[in-house]
Amino acid sequence: REVLVVVAQRLRDEVTRPAQPRASAAHCRPGCRGAMLGVMSKGLVLLLVMIAVIIVYTIAKVIRYNRLSEQQWKQVDKSKLKKWEDDDDWD
């Protein structure tokens with residue numbers, strides 16, 4: 001019974017209390033918007049930095065393996081390679 005009284009009081013207080021606007025980008029001053037983004041985007045910035053590092057690392061590996069492949073291809077004695085009928089000239 002006491003719980004019902006407390007719930008009823010809280011409901012009455014919420015109905016009589018004027019609604020406070022929520023802090024969103026639409027209700028903020030121009031300076032406030034940057035502060036909100038700074039707080040909310042720390043995790044996003046960290047995620048984007050990690051993604052950028054992974055992309056740069058992957059591109060560097062592809063370039064490295066491409067150079068290694070070209071170097072090894074130059075070292076191959078192409079006269080010893082088997083000739084296929086449908087071969088195209090790669091050089």
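Conventions adopted
- Position numbers for residues start from 1 in each chain and track the written sequence from start to end.
- In keeping with the predicted nature of the model, local features appear solely for residues at pLDDT of at least 70, side-chain atom pairs appear and are counted solely at 80 or more, and the whole-chain, interface and lining totals rest on all residues.
- Side-chain metrics in this entry use all non-hydrogen atoms of the structure; hydrogen atoms and water are not considered.
- Helix and strand assignments come from DSSP, with helices taken as H or I runs of at least 4 residues and strands as E runs of at least 2, each series counted from the N terminus.
- Throughout, the Shrake-Rupley method with a 1.4 Å probe supplies accessible areas, and for residues the shown protein chains are the sole cover considered.
- Patches here: salt-bridge-free residues with over 30% relative accessible area, like charges joined within 9 Å, nonpolar side chains (Val, Leu, Ile, Met, Phe, Trp, Tyr) joined within 5 Å.
- Salt bridge criterion: a side-chain nitrogen from Lys or Arg within 4 Å of a carboxyl oxygen from Asp or Glu.
- The pLDDT score gives, residue by residue, the confidence of the prediction method on a 0 to 100 scale.

K.L.:
It is not clear to me how the overall build of the protein chain should be interpreted in this structure. Could you clarify?
P.N.:
A tally of regular secondary structure across the protein chain gives 3 helices and 0 strands. Along the protein chain, helices and strands appear, N-terminal first, in the series α-α-α. Put simply, the protein chain shows about 9300 Å² of open surface, and 62% of that area lies on carbon and sulfur atoms.

K.L.:
Explanation requested: a nonpolar patch on the surface in the structure shown.
P.N.:
Residues Leu44, Leu47, Leu48, Ile51, Ile55, Ile59 and Ile63 make up a contiguous nonpolar surface patch of about 620 Å² in total accessible area. By secondary structure assignment, the location of Ile55 is in helix H3 (residues 42-75).

K.L.:
What is the right way to look at the confidence of the model for the protein chain in this model?
P.N.:
Close inspection of predicted coordinates is inappropriate for parts of the model with low pLDDT. Across the protein chain, pLDDT averages 75, with 55% of residues at or above 70. When mean pLDDT is compared element by element in the protein chain, H3 scores highest at 93, while helix H2 (residues 30-40) scores lowest at 56.

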